[in-house]
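Structural description and commentary
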Amino acid sequence: MNSPTPLDRNEILKRYKTIDKYTHKGIQGHVLIIGGSYGKIGAVCLASKAALKTGCGLVTAFVPQCGYEIVQASVPEVMVVTDDHEKYISEIALNLDVNAIGIGPGMGQKMATQKALHDFLSNTSIPLVIDADALNILSNNPSWVALVSPRTILTPHPKELERLIGKWHSDEEKLGKTVVFSLVNQVVIVMKGAPTYIINGEMIYVNTTGNAALATAGSGDVLTGMITSLLAQSYSPIDAALLGVYLHGLTADIALPTTGYQSFIASDIIENIGRAYLSLEN
Ligand SMILES: NC(=O)C1=CN([C@@H]2O[C@H](COP(=O)(O)OP(=O)(O)OC[C@H]3O[C@@H](n4cnc5c(N)ncnc54)[C@H](O)[C@@H]3O)[C@@H](O)[C@H]2O)[C@@H](O)CC1
Ligand SMILES: Nc1ncnc2c1ncn2[C@@H]1O[C@H](COP(=O)(O)OP(=O)(O)O)[C@@H](O)[C@H]1O
Ligand SMILES: [Mg+2]
């Protein structure tokens, strides 16, 4: 197994693309965030706002009906389409021309939601980020991993990873099993933690930004929005994962002197994305 490449400023500047002066919202990328359930619509609000603040031109959120007013009121820049069901997603039937999709935050694992994910994966080839409950549903139904298109990005935290690949007894075994999963299924894996590893087959990167302030509810939902936004802006899956993870961590490093570890919340990540980008330009 190759030793991990440090994901530092140098690696990022090889990949980072500045904005074209003549761009417009119609070509900056359209993101679709699919997720939410009764009591967990906030996850979609966070992912959707993070996607916008990472630079895509348009964001649509697909949520159960109970999420309609919540998303509209908390992030007015985001467009909202609702499922037929009141409290959870039961069928992902929408015909939108989007450039990237993030699925899973707050989505829950009701049987109807599981079936909806199965049908969605069977029918989509749009660049995709799979997170949270969508990962848990795949772990419940391992044969469905074959439905995931090559180059899809999976973003498990340690518990989600364990559900997906089984237990490990050392960090080396954890990394080895994740590399095998990435190779066999041709997916990019963002192995979240302290630190986060990004795995693309035998290419392994270890992030150098971020700190314990990120140990707060919703910080993974924000990361999903950021990576999906970069995918929609035409970054390749591996570059979107690398840049998203690096910027996400950088926001916490930038904010730490003013927030401290304890008072930093997921919305502070979103608040500091602009400063993180600006620090790449200087
Ligand atoms: N405001 C909201 O609507 C929020 C919704 N969320 C959603 O809630 C759902 C459940 O997600 P959860 O991740 O809470 O539930 P999970 O059951 O998937 O994960 C929680 C478990 O994982 C363990 N774990 C997490 N990070 C770990 C780490 N770095 N090292 C070791 N163990 C770790 C925890 O100790 C706990 O046992 C998801 O759909 C998620 O998107 C959460 O993101 C929180 C905020
Ligand atoms: N101690 C830590 N140091 C650095 N990053 C951390 C730490 N704890 C959590 N993170 C980061 O915060 C994010 C948490 O994601 P996740 O557990 O999915 O959160 P949620 O589901 O609540 O949105 C990951 O990107 C992870 O790497
Ligand atoms: Mg999560």
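Model, not experiment: these values are computed from the prediction.

The rules behind the values
Positions within a chain are numbered from 1, following the residues in the order the chain's sequence is written. All chains are assigned letters beginning at A, and all ligands numbers beginning at 1, according to the order in which they are written. For this predicted model, a pLDDT threshold of at least 70 governs which residues receive local features, and a threshold of 80 or more governs which side-chain atom pairs are given and counted, while totals over whole chains, interfaces and linings are taken from all residues. Heavy atoms throughout the structure, all of them, feed into the side-chain values; hydrogens and water do not. Starting at the N terminus, helices and strands are each numbered in turn, a helix being any DSSP run of H or I of at least four residues and a strand any DSSP run of E of at least two. Multiply 1.5 Å by the residue count of a helix minus one, and that product is the helix's expected span. Working definition: with a 1.4 Å probe on protein chains only, accessible area under 20% of the residue-type maximum means buried, over 50% means exposed, and in between means partly exposed. Each direction from the helix axis to a C-beta atom contributes to the arc, which is the arc of those directions. Two residues form a contact once any of their heavy atoms are found within 4.5 Å. If DSSP finds at least two bridges between two strands, the strands pair. To get an axis, fit a line to the C-alpha atoms, keeping to the stretch in contact for a helix; angles then go from 0 to 180 degrees between the N-to-C directions. Nearness is defined per residue: one heavy atom within 4 Å of the molecule or strand is enough. Within 3.5 Å is the distance limit for a polar contact, defined as a pair of N or O atoms, with the added protein rule that one can donate a hydrogen and the other accept it, and that residues adjacent in sequence qualify only through two side-chain atoms. For the area figures, the Shrake-Rupley method with a 1.4 Å probe applies, and any residue is considered shielded solely by the protein chains shown. In this classification, the charged set is Asp, Glu, Lys and Arg, the nonpolar set is Ala, Val, Leu, Ile, Met, Phe, Trp, Tyr, Cys and Pro, and all remaining amino acids, among them Gly, are polar.

Before going further, it helps to examine helix α7 (residues 171–185). Between its first and last C-alpha, α7 extends 21 Å over 15 residues, near the 21 Å set by a 1.5 Å rise per residue. Every buried residue of α7 is listed here: K174, L175, T178, V179, F181 and S182. Projected onto a plane normal to the axis of α7, the buried residues spread over an arc of 160° and lie on a single side. Exposed positions of α7 whose direction lies more than 90 degrees from the buried face are E172 and V184. On its buried face, α7 sits against β7 (153–154), α6 (158–165), β8 (188–191), β9 (197–200) and β10 (203–207). Two residues or fewer after α7 comes Q186, characterised by a positive phi angle close to 55°.

Taken in spatial order, the ten strands line up as β1-β10-β9-β8-β7-β6-β5-β2-β3-β4 in an open sheet, and their pairing is mixed. Of all strands in the sheet, those with a lone pairing partner are β1 (5–7) and β4 (79–82), marking the two edges. Inspection of the sheet shows β1 paired to β10 by three bridges, in the parallel sense. Bridging across to β10, L7 finds its partner in N207. Strand contacts of helix α8 (residues 219–232): β2 (30–34), β5 (100–103), β6 (128–130), β7 and β8, with the helix running at about 165° to β5, the strand carrying the most contacts.

Near ligand 2, the surroundings consist of 16 residues, among which K192, G218, S219, G220 and D221 are the closest. G218 is positioned with one of its backbone polar atoms (N or O) 2.9 Å from an oxygen atom of ligand 2. Within the backbone of D221, a nitrogen or oxygen atom sits 2.9 Å from an oxygen atom of ligand 2. The protein chains hide 76% of the 580 Å² of surface that ligand 2 would expose on its own. Here the shell around ligand 2 takes four residues from α8, the largest share from any one element. Across the shell around ligand 2, the residue classes break down as six nonpolar, eight polar and two charged.

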